[in-house]
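For reference, the chains in residue letters:
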Amino acid sequence: MTRPLGPATRDGFGDALVDLGALNSTIVVVDGDVAESTRTKKFFDKFPERAWNTGIAESNLVGIGAGLAASGKIPVIASFACFLMCNAYDQIRMGIAFPGLNAKLVGSHGGISAGEDGPSQMAVEDVALACALGGFTVIVPADAASTRALTRAMIEHSGPVYMRTGRPEAPVIYDEEPVVELGKSITVRKGTDLTIIANGLMVAESLTAAEELEKDGVSVRVIDMHTVKPIDEEAIAQAARDTGGIVVAEEHFAHGGLGAAVAMIVAQSAPTKMAFVNVGDNYSTSGLPAQLFKAAGISAADVSKAARSLL
Amino acid sequence: MPDLIEIAKRIRTHIVEATTEAASGHPSSSLSAVEIGVVLFFGDVLSYNASEPKWEDRDRFILSKGHASPLLYALLAEAGYFAVSELMTLRKFGSPLEGHPNMRRLPGVEASTGSLGQGLSAGIGHALAARIDFKDFRVYVLVGDGEMQEGQVWEAMMFAGRHQIDNLTLIVDRNQYQQTGAVDEILGLDPLAEKIASFGWEVTEIDGHSIDDVSTAFDWARGLQKKPQAIIANTLKGKGVSFLEKEGNFHGKPIPKDKLPQALADIERGL
């Protein structure tokens, strides 16, 4: 079954942000001249007095956000995920992580689903980079509804957060906004033979794979691990004990992302067979997301194949 | 007003004693900016409350050249943020007086610095917070001249000029040297005043060791509207200690213990 497409996760973020802005005047936005892409534009339109386009200058973008946070504001710092995390990494480390400031980084165009713009615009290292920052919470939402809920949770959380959003329309996972808690995963499908742990667009791919496997009588649990750090250790350990094999699916390079985080918990708590579906170690190309997923080996069929390898 | 020349001597004494005790650190980079710091903290420039470091309406001072932490710590101690005796714990395990300023551990530090080029951006963030809250606090950021080789400083200057951030003053400690040599030889900044002015700033150039010059410059900065202000303070690296001044670029090392008496005598004499 293919899920209907809904708004992009970046739209879920932009919509929630403008709603939150009306409730909380300490929320401010700084954006590196990509407000139309990151979807902070609605906030800019509604609250121009507390939103700044810092121009095409990510280091200064993050530095200004750090200063706003140090003076008590809740800055939402937005750009493309790759430019935000890669161009301004030292500023994020020194200005936000090290002092532990209450700043929210939101990177759009996460993963290879950025598509036609090509690999220079795709963040495939952002989750690893964010997880490596001391004290950071790292979120990768699966669809627009959960992004809205997670955006609220991100603002309510006291401390530095990185959230990745995506460019394309996202398959609907949640018909209405789920109740979310940072660090607490959501089991979106029950199962007993195997577990697929995924985030971002890979939740939809994993559900499709689970439905395909069910036809062969394989009962697959699917977990939306929207928070990569801190990770839901309990759900992972439980899945390892209940179902044995675990597949981890993510739209990210193999190193340092969700797969690594889950493997660490499995190794500590309940060692079992694992398989990993990810972008590997090679940059993608231009193309449609579905074409790129297939080429990179992260389509639903690839998830299904990885699952079968564990049976 | 207190005797700022006497306070400057005390600050210099703290800088050399603490770094020699620590057996590491950057005394010469701290000594060049002593008058700037002393006028800010004790010359009726900064509004602050040492017993309430997070007072919302305080002026902010950001030491962007974080390696000059011995200067910042000496200023904070003399201002009453903590006991002067704590200065001798500089760089030691357990002390909040770390090698570079850590705002998480030491009240009075407005930004964690040590990776150069970042303080001005943070200062802009504070200044914007004042603007949207209709507060009248001001932000002062001290950078080194070598530090201005960092591109982020110029990104920040462009932004501050564009947004007419007039509650922001940048002080450039123009001591002419960076770790491995003369700034002008490695990656020169001149014409520095013209460059900064072209970004939409008001600029003045002063003798950074003249208390009168420094005081006048801060008065000038506070009187200006619609533009951020830059004070280029011409200074000497190692100012106040004869053999450091003579060496020109005594960078990133403490005064050896056997030379400490001479350094302290130089400071007391007031070079």
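Residues numbered from 1 in each chain as written. Chains lettered and ligands numbered in written order. Predicted model: local features only at pLDDT ≥ 70, side-chain atom pairs only at ≥ 80, totals over all residues.

J.: Just give me the short version of the packing of helix H10 (residues 233–243) of chain A against helix H11 (residues 258–269) of chain A, but keep the residues and values in it.
T.: The geometry of a pair of packed helices is captured by two quantities: the angle between their axes and the separation between those axes. All names here are of chain A. For the pair H10 and H11, the least separation of the axes is 9 Å and the interaxial angle reads 60 degrees. One element, H10, and the other, H11, form an angle in the oblique class. Both H10 and H11 take part in a crossing whose hand is right-handed. Contact residues: H10 offers Glu233, Ile236, Ala237 and Ala240, while H11 offers Val262, Ile265, Val266 and Ser269. Taken together, the residues of the contact of H10 with H11 sort by class into 6 nonpolar, 1 polar and 1 charged. (Axes fitted to C-alpha atoms, helices over the stretch in contact; angles between N-to-C directions. Helix = DSSP H or I, 4+ residues; strand = E, 2+ residues; numbered from the N terminus. Parallel < 35°, antiparallel > 145°, perpendicular 65-115°, else oblique. Left-handed = near helix turned anticlockwise from the far one by under 90°. Contact = placed C-beta atoms within 7 Å. Nonpolar A, V, L, I, M, F, W, Y, C, P; charged D, E, K, R; others polar.)

J.: Outline the interface of chain B and chain A, supporting the account with residue identities and numerical values.
T.: How big an interface is tends to be expressed through the accessible area that disappears when the partners come together. Contacts between the two partners involve 20 residues from chain B, matched on the other side by 25 residues from chain A. Contributing elements (two or more residues each) for the side of chain B that touches chain A: helix H5 (119–132) and helix H6 (151–162) of chain B. The element best represented in the side of chain B that touches chain A is H5(B), accounting for 9 residues. Partitioned by chemical class, the residues of the side of chain B that touches chain A number 9 nonpolar, 8 polar and 3 charged.

J.: Which residues make up the domain arrangement of chain A, and what values go with them?
T.: All names here are of chain A. In terms of domains, chain A is made up of domain 1 (5–171) and domain 2 (186–308). Between domain 1 and domain 2, the C-alpha centre-to-centre distance is 25 Å. Each side of the interface is counted separately: domain 1 has 29 residues, and domain 2 has 29 residues. (Domains from an automatic or database assignment.)

J.: Help me get a handle on the pairing of strand E5 (residues 104–108) of chain A, residues and values and all.
T.: Residues and elements named next belong to chain A. Where burial is concerned, most of E5 is hidden: 5 out of the 5 residues are buried. Side-chain alternation along E5 places Lys104, Val106 and Ser108 on one buried face and Leu105 and Gly107 on a second face that is also buried. Strand direction decides the pairing type here: strand E4 (residues 74–80) and E5, joined by 5 bridges, are parallel. By the bridge assignment, Ile77 is partnered in E5 with Leu105. Sheet analysis places E5 next to strand E7 (residues 161–164), joined by 4 bridges and oriented parallel. Within the sheet, the bridge partner assigned to Lys104 lies in E7 and is Val161. (Buried ≥ 20, exposed ≤ 12 C-beta atoms within 10 Å, placed from the backbone. Pairing = 2+ DSSP bridges.)

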